[in-house]
Amino acid sequence: MSVAASRPRAKAIGRPRLRLLGLLSLPGLWLVVAYLGSLAAMFATAFWTTDDFTGNIVRTFTTTNFSTLIHESVYWHIALRSLGVAAAVTVVDACIAFPIAFYMAKVARPRVRQAMVVLVLTPLWASYLVKAYAWRVMLGDNGVIGWALRPIGLHGPGYGLLATTITLAYLWLPYMILPIYAGLERVPDSLLEASSDLGASAGRTLRSIVLPLAYPAIVAGSIFTFSLSLGDYIAVKIVGGASQLFANVIYDNVITADNLPFAAAAATFPVVVMVVYLVLVRRTGALDNL
Amino acid sequence: MNRKRVLAVLAATSLFALVGCGSASGTGGSGPGGRATPPNEKMLTALGSGEGQVNVIAWAGYAEDGSDDPTVDWVHPFESQTGCKVNVKIANTSDEMVQLMHTGQYDVVSASGDATLRLVYGGDVAPVNTSLVPNYATIFSFLKDRAWNSVKVNGKTQMYGIPHGWGANLLMWNSKTVTPAPTSWGAVFDANSPYKGKVTAYDSPIYIADAALYLMKTQPALGIKDPYSLDQKQFDAAVALLKTQRTLVGEYWSDYTKEVQAFESGTSVIGTTWQVIANLIQGDKKADVEAIVPTEGSTGWSDTWMISSKSQHPNCAYMWMNWIVSPKVNAEVANWFGEAPAQELACQQPDMASVCQTYHAADQAYSNDIWYWTTPTTDCLDGRTNVKCVPYSQWTQAWTEIKG
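Since the structure is predicted, the reported quantities are computational estimates derived from the model, not experimental observations.

Parameters and conventions
- The residue count restarts for each chain, going from 1 along the sequence in the order it is written.
- Working convention: letters from A go to chains and numbers from 1 go to ligands, in the order in which they are written.
- Where totals are concerned, whole chains, interfaces and linings use all residues; where local detail is concerned, this predicted model gives features only for residues with pLDDT of at least 70, and gives and counts side-chain atom pairs only at 80 or more.
- The secondary structure listing takes helices from DSSP runs of H or I that are at least 4 residues long and strands from runs of E that are at least 2 residues long, numbered from the N terminus.
- Our radius of gyration is a C-alpha quantity, and the globule rule it is checked against amounts to 2.2 Å times the number of residues to the power 0.38.
- Around each residue's C-beta, the other C-beta atoms within 10 Å are counted; 20 or more make the residue buried, 12 or fewer make it exposed, and counts in between make it partly exposed. All C-beta atoms are placed from the backbone.
- Once C-beta atoms are placed from the backbone, any two residues with those atoms within 7 Å are in contact.
- Scored from 0 to 100, pLDDT reflects the predictor's confidence in each residue.
- Here, any two strands with at least 2 DSSP bridges between them count as paired.
- Where helices are involved, their axes are fitted lines through C-alpha atoms of the stretch in contact, as for all axes, and angles between N-to-C directions lie from 0 to 180°.
- Crossovers are described as right-handed under a simple rule: with the strands pointing away from the observer, the path leading from the first strand over the helix to the second runs clockwise.
- Working definition: roughly parallel below 35 degrees, roughly antiparallel above 145 degrees, roughly perpendicular at 65 to 115 degrees, and oblique for all remaining angles.
- Helix crossings get a hand from a simple test, with the near helix turned counterclockwise from the far one by less than a right angle marking a left-handed crossing and a clockwise turn marking a right-handed one.
- As a working rule, the residues Ala, Val, Leu, Ile, Met, Phe, Trp, Tyr, Cys and Pro are called nonpolar, Asp, Glu, Lys and Arg charged, and the rest polar, with Gly in that last group.
- In a helix, the anticipated span is given by 1.5 Å times the number of residues less one.
- Note that bend, as reported per residue, equals the angle between axes fitted to the 7 residues terminating at that residue and the 7 residues originating from it.
- The nonpolar core is taken to be a set of buried Ala, Val, Leu, Ile, Met, Phe, Trp, Tyr and Cys residues joined by way of C-beta atoms within 7 Å.

## Regarding the overall build of chain A
Turning to step 1, where the next piece is worked out: Along chain A, the regular secondary structure elements total 13 helices and two strands.
Turning to step 2, where the next piece is worked out: Relative to its length of 290 residues, chain A is extended, with a C-alpha radius of gyration of 25 Å against a globular reference of 19 Å.
Turning to step 3, where the next piece is worked out: Considered along the principal axes of its C-alpha atoms, chain A spans approximately 70 × 65 × 35 Å.
Turning to step 4, where the next piece is worked out: Every one of the 290 residues in chain A was classed for burial, and the buried ones make up 33%.
Turning to step 5, where the next piece is worked out: A fraction of 71% describes how many contacts in chain A between residues 6 or more apart in sequence connect residues 24 or more apart.

## Overview of the overall build of chain B
Turning to step 1, where the next piece is worked out: Along chain B, the regular secondary structure elements total 14 helices and 15 strands.
Turning to step 2, where the next piece is worked out: For 404 residues, the compact-globule estimate of 2.2 N^0.38 gives 22 Å, and chain B sits close to it at 22 Å.
Turning to step 3, where the next piece is worked out: In terms of overall dimensions, chain B has C-alpha extents of about 65 × 50 × 45 Å along its principal axes.
Turning to step 4, where the next piece is worked out: In chain B, which comprises 404 residues, the proportion classed as buried is 53%.
Turning to step 5, where the next piece is worked out: Excluding contacts between residues fewer than 6 apart, the proportion of contacts in chain B whose partners are at least 24 apart in sequence is 70%.

## Overview of the environment of Ile166(A)
Turning to step 1, where the next piece is worked out: With respect to the secondary-structure elements, Ile166(A) resides in helix α8 (residues 161–185).
Turning to step 2, where the next piece is worked out: When the C-alpha atoms of Ile166(A) and Pro212(A) are compared, they prove to be 27 Å apart, with 46 residues separating the residues in sequence.

## Overview of the confidence of the model for chain A
All names here are of chain A.
Turning to step 1, where the next piece is worked out: With 95% of its residues at a pLDDT of 70 or more, chain A shows a mean pLDDT of 89.
Turning to step 2, where the next piece is worked out: Summarising per-element confidence for chain A, the mean pLDDT is lowest in helix α1 (residues 2–6) (46) and highest in helix α4 (residues 73–107) (96).
Turning to step 3, where the next piece is worked out: Low confidence marks residues 1–6, where pLDDT is under 50. Its contacts with residues over four positions away, or in another chain, come to four contacts.

## Focus on the sheet that holds strand β8 (residues 170–174) of chain B
All names here are of chain B.
Turning to step 1, where the next piece is worked out: Across the sheet, five strands lie side by side as β10-β9-β11-β8-β12; this open sheet has mixed pairing. For this open sheet the edge positions go to β10 (249–253) and β12 (289–292), each flanked by a neighbour on one side alone. Each adjacent strand pair in this sheet contributes to an overall mean axis angle of 25°, direction not counted.
Turning to step 2, where the next piece is worked out: Here four bridges tie β8 to β12, and the two strands are oriented antiparallel to one another. Each residue of the ladder has a partner; that of methionine 172, found in β12, is alanine 291.
Turning to step 3, where the next piece is worked out: Seen against the sheet, helix α9 (residues 275–284) touches β8, β11 (270–273) and β12 and runs at an angle of roughly 160° to β12.

## Here's the deal with helix α4 (residues 113–121) of chain B
All names here are of chain B.
Turning to step 1, where the next piece is worked out: α4 sits mainly inside the fold: nine of its nine residues count as buried.
Turning to step 2, where the next piece is worked out: Residues of α4 that are buried include every one of Gly113, Asp114, Ala115, Thr116, Leu117, Arg118, Leu119, Val120 and Tyr121, and no others.
Turning to step 3, where the next piece is worked out: Where α4 is buried, its residues touch α3 (94–102), β3 (108–111), β4 (125–126), β5 (150–153), β13 (299–308) and β15 (371–372).
Turning to step 4, where the next piece is worked out: Just downstream of α4, glycine 123 is the residue with a positive phi angle, here 75°.

## Side note on unusual backbone geometry
Residues and elements named next belong to chain B.
Turning to step 1, where the next piece is worked out: The step from threonine 179 to proline 180 runs through a cis peptide bond, and the omega angle for that step is -5°.
Turning to step 2, where the next piece is worked out: Within the chain, aspartate 145 stands out as a residue other than glycine whose phi angle is a positive 55°.
Turning to step 3, where the next piece is worked out: Of the residues examined, aspartate 145 has 13 C-beta atoms within 10 Å and is grouped as partly exposed.
Turning to step 4, where the next piece is worked out: Although it is not a glycine, histidine 360 adopts a positive phi angle of roughly 55°.
Turning to step 5, where the next piece is worked out: Residue placement: histidine 360 occurs in the loop between α12 (352–358) and α13 (364–369).
Turning to step 6, where the next piece is worked out: On the basis of neighbour count, histidine 360 is assigned to the partly exposed category, with 18 C-beta atoms found within 10 Å.

## Here's the deal with the pairing of strand β1 (residues 53–58) of chain B
All names here are of chain B.
Turning to step 1, where the next piece is worked out: Burial of β1 is extensive: five of the six residues sit out of reach of the surface.
Turning to step 2, where the next piece is worked out: Bridge count between β1 and strand β2 (residues 85–90): six bridges; the pairing is parallel. Bridging from a neighbouring strand, glutamine 53 pairs with lysine 85 of β2.
Turning to step 3, where the next piece is worked out: Handedness of the crossover joining β1 and β2 through helix α2 (residues 75–82) is recorded here as right-handed.
Turning to step 4, where the next piece is worked out: Here β1 runs beside β3; their pairing, made up of two bridges, is parallel. Directly across from isoleucine 57, in β3, lies its bridge partner valine 109.

## Structural notes on the packing of α4(A) against helix α10 (residues 202–230) of chain A
Residue and element names in this part refer to chain A.
Turning to step 1, where the next piece is worked out: At their nearest, the axes of α4 and α10 sit 8 Å apart, and the two run at 140° to each other. Taken together, the axis directions place α4 and α10 in an arrangement best described as oblique. Of the two elements, α4 crosses α10, and the hand of that crossing is right-handed. In this structure, α4 uses Ser82, Val85, Ala86, Val89, Thr90, Asp93, Ala94 and Ala97 to contact α10, whose residues at the interface are Ile218, Gly221, Ser222, Thr225, Phe226, Ser229 and Leu230.
Turning to step 2, where the next piece is worked out: Among the residues forming the contact of α4 with α10, the class breakdown is eight nonpolar, six polar and one charged.

## Points about the interface of chain B and chain A
Turning to step 1, where the next piece is worked out: Counting residues at the interface gives 34 residues for chain B and 24 residues for chain A.
Turning to step 2, where the next piece is worked out: For the side of chain B that touches chain A, the secondary-structure elements that each account for two or more residues are α1 (3–25), α3, α4, β10 and α14 (392–403) of chain B.
Turning to step 3, where the next piece is worked out: Grouping the constituent residues of the side of chain B that touches chain A by class yields ten nonpolar, 17 polar and seven charged.

## Comments concerning α10(A)
Turning to step 1, where the next piece is worked out: Taking 1.5 Å of rise per residue, 29 residues should cover 42 Å, yet α10(A) covers just 36 Å from first to last C-alpha, more than 12% shy of that figure.
Turning to step 2, where the next piece is worked out: The largest bend in α10(A) amounts to roughly 45° and is located at Leu211(A), with the proline Pro212(A) lying one to four residues further along.

## Here we look at the nonpolar core
Turning to step 1, where the next piece is worked out: Val108(B), Ile208(B), Ala212(B), Ala238(B), Trp320(B) and Met321(B) are the most contacted members of the largest nonpolar core, which has 129 residues in total.
Turning to step 2, where the next piece is worked out: Within the second largest apolar cluster, 56 residues are counted, among which are Trp172(A), Val219(A), Phe246(A) and Ile250(A).

## Section: the confidence of the model for chain B
Residues and elements named next belong to chain B.
Turning to step 1, where the next piece is worked out: For chain B, per-residue confidence averages 87 on the pLDDT scale, and 91% of positions sit at 70 or higher.
Turning to step 2, where the next piece is worked out: Within the model, the stretch residues 1–34 combines pLDDT values under 50 with 31 contacts to residues more than four positions away or in other chains.
Turning to step 3, where the next piece is worked out: In the predicted assembly, ipTM is 0.79 and pTM is 0.80.

Laid out in structure tokens, this is it:
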């Protein structure tokens, strides 16, 4: 205080800066050390290897892990499969979420709207595992889905990639609905009215007015559904039958193979995919919709 | 990176180089992979009073506290007798046990033969002073000083743990759906299996040995003598068999509760199992299952309680090791898990004679016929010196490939 008072200039400029620094230093430290630091540590670990026998980490520089990942076709297959599942989950979620979000934002009365927001958020209060195991039971041989399809001569999907996609789409649906709902709420009603006044059909208004305006919000939702699906290894273990996704490769290398360096190398794949994804969607303005 | 760190990394690197040189020149050379002697970890010399708790890594069914079955509880009596609170972490695979022990946060582990030596040579476990474990004296002698639980140090055999029990991996099937009853492992490897999509297998690289054992008995031309000691050609044959099996498998299991649920819901009808899983399903009465050792014999486990070299609660850990092989408790574990007890006196407990008969507890010849989980190394375990064998790290890689 006394120092600041003796130097008027410091009082004018230095103190707000000091205050800002004080305010940001802890979160900043968290971001740099705990968040980026651990990413950097992971990337460094990816260039180490483990002792064949004891599993202890050998700290000598090698690119073996990456060349294994690139040269073994199995990892490409798993990577493509994971991207496919993540993309499918995103598309399914977008298709289900858009009508719901549109109804919430433009059709429902305020009280119904509030109730729907609560309903959309409610599943997030239940544990991930409870929901995944519920799907395991429903999709099983004697489950409710197989039972419901039997009268029309169909079988349930059984455990596999389809079941995984269904389960993940269910799990991440709220993360798609909410951004689209927020995006649609910002679309002025007057635009829709103007469109219909000018003679556009409902479909035409949807195509030419609503979808282009809601597009950044849909992409914003897709960031959640895509990245959450890409990193998921639990649902596929529960309802995926014998299939494995890329996150399982990482998990198996940590838990069963005890090969942290290889797991770290494998973990750079989803990181790279997400960085590319974010760069691509940056132009749509989706990042302003998060 | 500052200078000190650089020096530390350099020192560490050169240390590893030194270890490498040591094994290359083969000094001593009695250990697997050409490793001479394990890291020198301190052994407890005298038992003090308990530290109030002990952190245990165990196979499912090894540390029961009455939560699975109120009558099956040997954790609470231990706690009230010793004052050591038991914190149990169930591990599903040997690899998981090794990985957990690396963290240094646990005191004791019920390690199988494919984990023990990795723990010993990794410096994760300390030698065990058997004189501090009174019940060790009456353990079946054919389980002492074995390759998977002891190491020769300076010409003297040093125990690295207390034998717990042993048994075979079984073939289990749903007796309503699977007819006729299978007698061979072929039932889970046959490409034309009528149970396609409902076969299950253990989700661990060590399961490759089960395929190797089947090939050992059915394709003598491959010349497999030991399912854990496979040269490249033999290994490729086993992997090919498992890739065929992959088309039959509905789901793999490593979590034992998942297999219980899969058999009870009809998702799986045939596959490899442990006796404890069969017991749980039979107890629930939701599905009828049978489990046998098929004609080809079986892989199996011989488990050893080992103590962490970084144990924070060594006294409680020793008390736990002594407790778990005491006649009454070892009998209870063996009965619950479905395995042969290591404790000779366990077989003299009430109603245990038949259990010991079922699992051939005192039958050394039978025990010799089981292929216990062992860590595959580059040096062939079956004594061949003209070829290199496929080490475990490649088994794990191949396992990812098999699952595809």
